[in-house]
Amino acid sequence: MKIGILALQGAFIEHKTMLETIAQTTNRTIECVELRQKNDLADIDGLILPGGESTVQGQLLRKLHMLQPLKELIGQGLPVLATCAGLILLAEKLENDTTSHLCTLPITVKRNAYGRQLGSFKTTSDIGIISNFPMVFIRGPYITQISPDVTPLVSVNGNLVGVEYHNQIGLAFHPEMTDDPRLHLHFLDKVAQRQ
């Protein structure tokens, strides 16, 4: 399977490392492609939208003419794992912000909801059927509204921080910054089911 990782800005290397580790420890064949231009989108089977600065990522996606093709691929069922800034890119609406990017996930997100860098923290929780998962938040957003067909996966201190919607997994935290591959494996299962 060929997984495209948006590599315009942000924490994309950690996702690539996680996928390479999974490939080495399982019998999965995973090719990681760093997405830096429109042509890189050809023939990808899955997409990872990493953390980073969502405003910069959104501007670069527009400048490089990648935003609309990505939106179309996601609309056609391309499986997506989006973390932190990636969640913001997917969201239909941002709270107190008229900006929107891919708009494929029917949710409203509050950016930098946990404050500045010092607001970063770690915790552990069950995520859907995955038990006791370590979560790393770095100036994370959280989800303030969802449409009825979005499945909530996990809340922390009363704030929704993980959802699933058809082919899209949206997380406010960074599973790639842990040693736990289970969320990436869940994403890869979605990719495999679509092939």
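The structure we're discussing is the one just above.
As a starting point, this report considers the structure included with it.

Quick notes on the rules
Residues numbered from 1 in each chain as written. Predicted model: local features only at pLDDT ≥ 70, side-chain atom pairs only at ≥ 80, totals over all residues. Heavy atoms only, no water. Salt bridge = Lys/Arg side-chain N within 4 Å of Asp/Glu carboxyl O. Buried < 20%, exposed > 50% of the residue type's maximum accessible area, 1.4 Å probe, protein only. Helix = DSSP H or I, 4+ residues; strand = E, 2+ residues; numbered from the N terminus. Contact = heavy atoms within 4.5 Å.

1. Let's talk about the pattern of salt bridges
And then number 1: The final tally for this structure, using the stated rule, is six salt bridges.
And then number 2: Here Arg36 makes a salt bridge to Glu34, at a shortest N to O gap of 2.4 Å.
And then number 3: Take Arg36: its relative accessible area is 42%, and that puts it in the partly exposed class.
And then number 4: Accessibility expressed as a relative area gives 22% for Glu34, which makes it partly exposed.
And then number 5: We note a salt bridge from Asp180 to Arg182, for which the minimum N-O separation is 2.7 Å.
And then number 6: Asp180 gets classed as buried once you look at its relative accessible area, which sits at 13%.
And then number 7: Arg182 sits in the partly exposed class, given a relative accessible area of 28%.

2. A few points about the side chain of Thr104
And then number 1: When you line up the elements, Thr104 lands in the loop between strand S5 (91–94) and strand S6 (105–110).
And then number 2: Thr104 sits in the buried class, given a relative accessible area of 14%.
And then number 3: The contact partners of Thr104, leaving out residues within four places of it in the chain, are Lys71, Ile74, Leu90, Tyr165 and Gln168.

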